[in-house]
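# Geometric and topological summary
Okay, here's what each chain looks like letter by letter:
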Amino acid sequence: MEHTSMNLTLKVWRQRNSQDTGSFETYEVKEVSEEMSFLEMFDVLNERLIREGKDPIAFDHDCREGICGMCSMVIDGKPHGPWKANTVCQLHMRAFKDGDTIVVEPWRANAFPVIKDLMVDRSSFDRIIQAGGYISVNTGNAVDANAIPIEKDKADAAFAAAACIGCGACVAACKNSSAMLFLSAKVSHLALLPQGSPERKSRALNMVAQMDKEGFGSCTNTGACEAVCPKEISIENIARLNREYMMAGAASE
Amino acid sequence: MKWSQLFTSSVGKKWVMALTGIFLILFLIVHVALNATIWANDGGKMFEAGAHFMGSNIVPRILEIGLIAGFLIHIIQGIMLELQNRSKRKRGYAANLGNRGSKWYSRSMGLLGTLILIFLIIHMAHFWVPNRSNQGWLLGPEISLYDEMREVFQQEWVVIVYVLGCFSLAWHLMHGFQSAFRTLGVSNKKYLTLLNSLGIGFSIIVPLVFALMPVSFYFGWIN
């Protein structure tokens, strides 16, 4: 197969720390292989910056195989870049053409403050999970995994919701900076299973309360979250959460 | 959990917007159906009978209080939510997602709602205020709303404002109709498909019929 390389202009958000006002810096990157991932292109650029004695660009990454949810760049206005159902680490440079100018920004939301450059603090998501995104299991002998019968359709729907990697692209894309797609995926995947049933009501109430406390906006069903989600989490989960929450709230003491 | 906590949470506020929205959609059905009697071509007889009933009977009078409350809650909460949601991202993006993620009208509910509000104020100044203040108890005897319509809709700018108001309403409903049901928890595909189609039909037909009213008077299509 023919191998091509390209020259690109990157406009990257640089911010020293959470207090810094930050600004865009322009970098010319030469001879970028089309087979590189977007992050590998950043690695090459960073190595050059280090050689030049400059501060390399800070960005989040971990598994680089699209399953950990760490990478988080808004590329030309779209979280995770131009491809559908994809993470930045799995975005390859063949998505771009020679001579392109690419604008790279961090996730933007008050609830995700910038730590440095393209890295944001997503611990608000962790606190939402801590508020109820789990099931309580008694200690003792491990229960047989197949002891509880689960309808196949329900198991599949729960699994589809559980595919959420918690990257926060939904918040980054939402005009309201709402975390409802993330939250609804977490609530749905447990609400659909019998194991999640005992704490079903408190889970919905506590997780929404934590989300509101963290300073995310509210959902207006625009669907931007669903469009950028690397795991194609359906907006139907948000409708399910709306129902779960109101049922739980109305039935509570 | 108290009711006040429930309805002031982010999801609770969505419910309030959805419930008042559906209530206002029901009002639109009553309003458009009653007003359609102008096309009876009977010199406004049937229309006047309806208008007289709505203006003088105790039942619509009581329901009107609920209607005003519904409007106020939907408008005030809508404006507050729009402002709150905008404040959740202090620094915006240099490049925007735009229409790649969502429809323009779903992102513009605040703007469309404001345009409808401006139209609503003009509309109420034309009909509701003169009508309610002339019920025999304040300024004078009941006025003919049919004659009022005939007169008001002779002005070109009024007709244009009304058509634009209906246009804003159509786009507001295009998102609002189906979104309200999603908020109330409808997640089944078969219902969502049905409600989507119903929403598109409603958003086109109802504002179109409304817009045809001033247009019909202006061009003298009504005898």
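Residues numbered from 1 in each chain as written. Chains lettered and ligands numbered in written order. Predicted model: local features only at pLDDT ≥ 70, side-chain atom pairs only at ≥ 80, totals over all residues.

Let's shift gears to the sheet that holds strand S2 (residues 23-33) of chain A. Two orientations exist for strands paired in a sheet by backbone hydrogen bonds: parallel and antiparallel. Taken in spatial order, the 5 strands of this open sheet run S2-S1-S5-S3-S4 (chain A), and their pairing is mixed. Of all the strands in the sheet, just S2 and strand S4 (78-79) of chain A have a single pairing partner and so form its edges. (Pairing = 2+ DSSP bridges. Helix = DSSP H or I, 4+ residues; strand = E, 2+ residues; numbered from the N terminus.)

This part covers the interface of chain B and chain A. Contacts between the two partners involve 34 residues from chain B and, on the opposite side, 41 residues from chain A. Elements with a minimum of two residues in the side of chain B that touches chain A: helix H2 (10-35), helix H4 (58-86), helix H5 (104-107) and helix H8 (156-183) of chain B. Looking at the side of chain B that touches chain A element by element, the count peaks at 5 residues for H2(B). A breakdown of the residues in the side of chain B that touches chain A according to their chemical character gives 12 nonpolar, 13 polar and 9 charged. (Contact = placed C-beta atoms within 7 Å. Nonpolar A, V, L, I, M, F, W, Y, C, P; charged D, E, K, R; others polar.)

Another point: the packing of helix H5 (residues 180-191) of chain A against helix H8 (residues 236-251) of chain A. Residue and element names in this part refer to chain A. Contact pair H5 / H8: the axes reach a minimum separation of 8 Å and the direction vectors enclose 70°. By the angle class used here, H5 and H8 are roughly perpendicular. Contact residues: H5 offers Met180, Leu181, Leu183, Ser184, Ala185, Val187, Ser188 and Ala191, while H8 offers Asn237, Ile238, Arg240, Leu241 and Glu244. Its residues assigned to classes, the contact of H5 with H8 shows 8 nonpolar, 3 polar and 2 charged. (Axes fitted to C-alpha atoms, helices over the stretch in contact; angles between N-to-C directions. Parallel < 35°, antiparallel > 145°, perpendicular 65-115°, else oblique.)

Another point: the domain arrangement of chain A. Size of an interface: often given as the accessible area lost when the parts come together. All names here are of chain A. Under the domain assignment, chain A is made up of domain 1 (5-105) and domain 2 (123-251). Taking the mean C-alpha position of each, domain 1 and domain 2 sit 30 Å from one another. Facing 12 residues of domain 1, the contacting portion of domain 2 comprises 10 residues. Looking at the side of domain 1 that touches domain 2 residue by residue, the class counts come to 5 nonpolar, 6 polar and 1 charged. (Domains from an automatic or database assignment.)

To continue, consider the environment of Asp20(A). Residue placement: Asp20(A) occurs in the loop between strand S1 (5-14) and S2. The spacing of Asp20(A) and Asp117(A) is 97 residues in sequence and 9.9 Å in space, taken between C-alpha atoms.

With that settled, consider the environment of Gly78(B). Residue and element names in this part refer to chain B. In this structure, Gly78 sits in helix H4. For Gly78, a count of 20 C-beta atoms within 10 Å puts it in the buried group. With 32 residues separating them in the primary sequence, Gly78 and Gly110 have C-alpha atoms 7.0 Å apart. (Buried ≥ 20, exposed ≤ 12 C-beta atoms within 10 Å, placed from the backbone.)

Residues and elements named next belong to chain A. In this model, helix H6 (residues 200-213) (14 residues) spans 20 Å end to end at C-alpha, consistent with the 20 Å of a helix rising 1.5 Å per residue. Within H6, the full set of buried residues consists of Arg203, Ala204, Leu205, Met207, Val208, Gln210 and Met211. Phi for Gly215, located one or two positions after H6, is positive at around 90°. (Expected span 1.5 Å × (residues − 1).)

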